[in-house]
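Below, each chain spelled out in residue letters.
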Amino acid sequence: MPTRQVVFALITFFHDLFTVAWIGGLFALALVVLPVALRTWGRGPETKRLMDAIQRRLSPLVYVSIVGLAVTGVLLARRNPAYGGLFSFANPYSTVLSLKHILVLLMVAVALLRSVALRTTGQPRDAGQPQRQALERLRGALLYLNLALGVLVLLLSGFSAALAAGAPPV
């Protein structure tokens with residue numbers, strides 16, 4: 001196998017791996033862990049401790065994935081002659097990629113908001129129970145928002161792959 005193909009395969013592998021780590025983590029957290037924790041413990045301190053521990057464990061993985069996706073994404077996009085540049089809407093391929101990149105930036109913003117701005121660990125003890133519950137509900141809503149954005153990113157990835165391949169036989 002020629003070196004260029006090996007390099008392309010490795011870049012694609014890492015891009016897919018980073019995608020699985022980030023969006024797969026969102027799927028597992030939103031569709032398995034959180035619902036089971038809420039069903040088991042309700043919105044009590046056990047659920048909060050579990051979710052905070054998972055957040056601390058997942059955050060570095062998400063941050064590495066974000067950087068990895070940016071690097072591998074640029075390398076993959078530039079490989080296609082239809083690529084018109086970052087946030088270009090010059091042709092269908094570039095338009096789909098630009099929409100995908102906008103959604104990814106929204107995902108990054110939501111991830112940072114959830115893990116940094118809305119961090120519940122270290123909250124003052126005198127913060128009222130309704131305030132803490134509202135914050136937890138907001139963090140949960142943002143989790144589901146990021147999952148929805150991730151699904152849309154994957155959909156756009158499918159369309160960009162189809163556009164890059166031309167009109168493959170069905």
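Since this is a predicted model, take the numbers as computed values, not measurements. (Residues numbered from 1 in each chain as written. Predicted model: local features only at pLDDT ≥ 70, side-chain atom pairs only at ≥ 80, totals over all residues. Heavy atoms only, no water.)

Caption draft 1: A look at the overall build of the chain. Regarding its fold elements, the chain presents four helices and zero strands. When the helices and strands of the chain are placed in sequence order, the string is α-α-α-α. Considered along the principal axes of its C-alpha atoms, the chain spans approximately 60 × 35 × 30 Å. Put simply, the chain has 170 residues, and 34% of those count as buried. In the chain, once contacts between residues fewer than 6 apart in sequence are set aside, the share between residues at least 24 apart is 69%. Once the 16 positive and 5 negative side-chain charges of the chain are each reduced to a mean point, those two points are 8 Å apart. (Helix = DSSP H or I, 4+ residues; strand = E, 2+ residues; numbered from the N terminus. Buried < 20%, exposed > 50% of the residue type's maximum accessible area, 1.4 Å probe, protein only. Contact = heavy atoms within 4.5 Å. Lys, Arg positive; Asp, Glu negative; His and termini not counted. Charge placed at Lys NZ, Arg CZ, Asp CG, Glu CD.)

Caption draft 2: Local environment of the packing of helix H1 (residues 3–41) against helix H4 (residues 129–165). For the pair H1 and H4, the least separation of the axes is 10 Å and the interaxial angle reads 140°. The orientation of H1 with respect to H4, classified from their angle, is oblique. As for the relative orientation of H1 and H4, their crossing is left-handed in sense. Side by side, H1 and H4 meet where Thr19, Ile23, Leu26, Phe27, Leu29, Ala30, Leu31, Leu34 and Pro35 of the first sit next to Leu143, Tyr144, Asn146, Leu147, Gly150, Val151 and Leu154 of the second. Here the contact of H1 with H4 is built from residues that sort into 13 nonpolar, three polar and no charged. (Axes fitted to C-alpha atoms, helices over the stretch in contact; angles between N-to-C directions. Parallel < 35°, antiparallel > 145°, perpendicular 65-115°, else oblique. Left-handed = near helix turned anticlockwise from the far one by under 90°. Nonpolar A, V, L, I, M, F, W, Y, C, P; charged D, E, K, R; others polar.)

Caption draft 3: A look at the packing of aromatic side chains. Inspection of every chain in the model, using the stated rule, returns two aromatic pairs. Each member of the aromatic cluster is reached from another via a ring pair, and the members are Phe13, Phe14 and Phe18. Lying over the aromatic face of Phe8, Arg79 brings its terminal NZ or CZ to 3.7 Å of the ring centre. (Phe/Tyr/Trp six-rings, centres within 6.5 Å; stacked < 30°, edge-to-face > 60°. Lys NZ or Arg CZ within 6 Å of the ring centre and 35° of its normal.)

Caption draft 4: Layout of a nonpolar patch on the surface. Together, Phe27, Leu31, Val32, Val36, Tyr144, Val151 and Leu154 give the surface a local cluster of nonpolar side chains, amounting to about 580 Å² of exposed area. When residues of the nonpolar patch are traced back to their parent elements, those giving at least two are H1 and H4. In terms of residue count, H1 provides more of the nonpolar patch than any other element does, four residues in total. Note on placement: Leu154 falls in helix H4. Relative accessible area serves as the criterion here: at 39%, Leu154 is assigned to the partly exposed category. (Patch = residues over 30% accessible without salt bridge, like charges linked within 9 Å, V, L, I, M, F, W, Y side chains within 5 Å. Areas by Shrake-Rupley, 256 points an atom, 1.4 Å probe, with all protein chains shown as cover. Salt bridge = Lys/Arg side-chain N within 4 Å of Asp/Glu carboxyl O.)

Caption draft 5: Structural view of the pattern of salt bridges. Tallying each qualifying case throughout the model produces three salt bridges. Measuring nitrogen to oxygen at the nearest pair gives 2.6 Å for the salt bridge that ties Asp52 to Lys48. With Asp52 and Lys48 both in helix H2 (residues 45–79) and four residues apart, this pair spans about one turn of that helix. Judged by relative accessible area, Lys48 falls into the partly exposed class, the value being 26%. Residues Glu136 and Arg139 are paired through a salt bridge, measuring 3.6 Å at the closest nitrogen-oxygen approach. With Glu136 and Arg139 both in helix H4 and three residues apart, the pair spans about one turn of that helix.

Caption draft 6: Structural view of the nonpolar core. Of all hydrophobic cores here, the largest spans 22 residues; its most connected members are Trp22, Leu26, Leu29, Ile66, Leu103, Met107 and Leu143. The dominant element in this core, judged by the number of residues it contributes, is H1, at seven residues. With near-sequence residues (within four places) excluded, Leu143 lies in contact with Leu26, Leu29, Ala30, Leu34 and Arg114. (Core = buried A, V, L, I, M, F, W, Y, C linked by side-chain atoms within 4.5 Å.)

Caption draft 7: Region of the structure containing H4. Under the 1.5 Å per step criterion, the end-to-end length of H4 is 54 Å for 37 residues, consistent within 8% with the ideal 54 Å. Taken together, the buried positions of H4 are Leu135, Arg139, Gly140, Leu142, Leu143, Asn146, Leu147, Leu149, Gly150, Val153, Leu156 and Ser160. In the segment just after H4, Gly166 is the residue with positive phi, at about 80°. (Expected span 1.5 Å × (residues − 1).)

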